[in-house]
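# Coordinate inspection notes
For reference, the chains in residue letters:
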Amino acid sequence: MAAALGSTTLRRALRAALAGLALAAAAIEPGAGAGPRVQRARAEDAWFVEFESICAQTQDAMSLTTDELRALVSRCDRLKPQIEGLDPSRRKVYVKRLQQCRDLYQFVLDTRGQG
Amino acid sequence: MRRIVAMAVLVLAVAAQAEDTGGRKKRTPPQEFGRVVMSNQAKRAKVASVVFDHWLHRAKYTCRVCHVDIGFAMKTGGTDVRAADNAAGMYCGACHNDRTKADGGGKVFPACRAGSSAEAPGCARCHSGGSDARREHDFASFTKDLPKGRFGNGVDWEVAEQKRLIKPVDYVDGISVKRAAMPVQKDFALSGKLPGMPDIIFSHAKHTVWSGCEGCHPEIFTGVKRGTTKYTMVEIFEGKYCGACHVAVAFPTLDCQRCHSKPVQ
């Protein structure tokens, strides 16, 4: 049981680290050889990697610790401005999707607060 | 005896509800149950409304794919779908893009593009409001071998899925988020309000086959403390709570015993 919990925590930490690295990579200016198309693709990947990393945990929301839930809510809030900068089609879809994930994590937090 | 009286009261309440909404309510034919007419953008673009039947899509995809991963709202008029969105691979265009493979081979037909004539064959398949466009899939042939249900589409979709007669896809590449399988939550009972009314047994397991946590919480079920939200059948018939799905798409609330299923002690 403890091993399984440890493995889950490790996977989450790895996912978060990968997402962080991807975001950092996107923030770094590409070299002279990289054209605008490449820059855009990297930026897209970064926000999507972070989005996936956040929203992949909705199924586990009930088993996450309060601190983990708070961290996910904060990550949603940090990611939102990046999604709001996307083209209109993706913006309206992914803002809604991100909000759904955030609302769920906040809902579980509120449930614990009221329980 | 008490159970019979309670059921009779419930039936009368349903009848009264129908009366309130304009006299005798005609039951929707099975092939039209779950039909959604999307007209908010169509009217502005001066094209025919999109007529969407849930039965075909729900046999092939889970609710979660469309209402969580693709982002279709649960409320009528809640999604602002434009041709440009479909062309960008969002909403209908997530699958209707000329790339997605259909389960019978071939490709899923593409959504019509901005500027196309609404009468063009590709467009008229969905923009069919007000016309008698022939559908590719015939309801009667499609459902003839599926287990029968008493109401709604006349199909017991739950049993159809359990028997693997339908295999709704829960993941669309490039759209869905990879998630671990959800730990199964225990069923729980909600007390019926009328004396003798069987309690409701709510099965998380049955619901999570089709949807995920964020499909229901907190948008549909907002209460954070068990027992504080008082559900009424009137609200449910109006499309709140369970009624968000079980009025127009999932088996309808007329099928009382499917939820009020705990034997009375």
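In short, a report on the structure.

Conventions and cut-offs
- Residue positions are given per chain, counting from 1 as you read along its sequence in written order.
- The naming scheme follows written order: chains are lettered A onward, ligands numbered 1 onward.
- Given that the model is predicted, a residue must reach a pLDDT of at least 70 before its local features are reported, and side-chain atom pairs must reach 80 or more before they are shown or counted; all residues, however, enter totals for whole chains, interfaces and linings.
- Numbering of helices and strands runs from the N terminus; a helix is a DSSP stretch of H or I covering at least four residues, while a strand is a stretch of E covering at least two.
- Backbone-placed C-beta atoms define the burial measure: a residue is buried with 20 or more other C-beta atoms within 10 Å of its own, exposed with 12 or fewer, and partly exposed in between.
- Each residue gets a C-beta atom placed from its backbone, and two residues are in contact if those atoms lie within 7 Å.
- The nonpolar class holds Ala, Val, Leu, Ile, Met, Phe, Trp, Tyr, Cys and Pro. Asp, Glu, Lys and Arg form the charged class, and all remaining residues, Gly among them, are polar.
- The length a helix should cover is 1.5 Å for every residue beyond the first.
- To obtain the bend at a residue, axes are fitted to the seven residues ending there and to the seven starting there, and the angle between these axes is taken.

Tallying secondary structure elements over chain B gives 12 helices and four strands in all. With 265 residues in all, chain B has 26% of them scored as buried.

Here we come to the interface of chain B and chain A. Between chain B and chain A, the contact holds 20 residues from the first and 24 residues from the second. Contributions of two or more residues to the side of chain B that touches chain A are made by helix H5 (83-87) and helix H10 (213-216) of chain B. Broken down by class, the residue content of the side of chain B that touches chain A amounts to 11 nonpolar, three polar and six charged.

All names here are of chain B. Going from His217 to Pro218, the amide bond is cis rather than trans, its omega being 0°. Tracing the sequence through the fold places Pro218 in the loop between H10 and helix H11 (233-237). Phi at Lys46 is positive, roughly 55°, even though this residue is not glycine. Among the structural elements, Lys46 can be located in the loop between helix H2 (40-45) and strand E2 (50-53).

Turning our eyes to something else, we now look at helix H3 (residues 66-84) of chain A. Residues and elements named next belong to chain A. With 19 residues, H3 ought to run about 27 Å at 1.5 Å a step, and its terminal C-alpha atoms sit 27 Å apart, in line with that. Along H3, the largest kink reaches about 25° and is centred on Arg78; proline Pro81 follows within four residues of it. What H3 keeps buried is the set Leu69, Leu72, Arg75, Cys76, Leu79 and Ile83.

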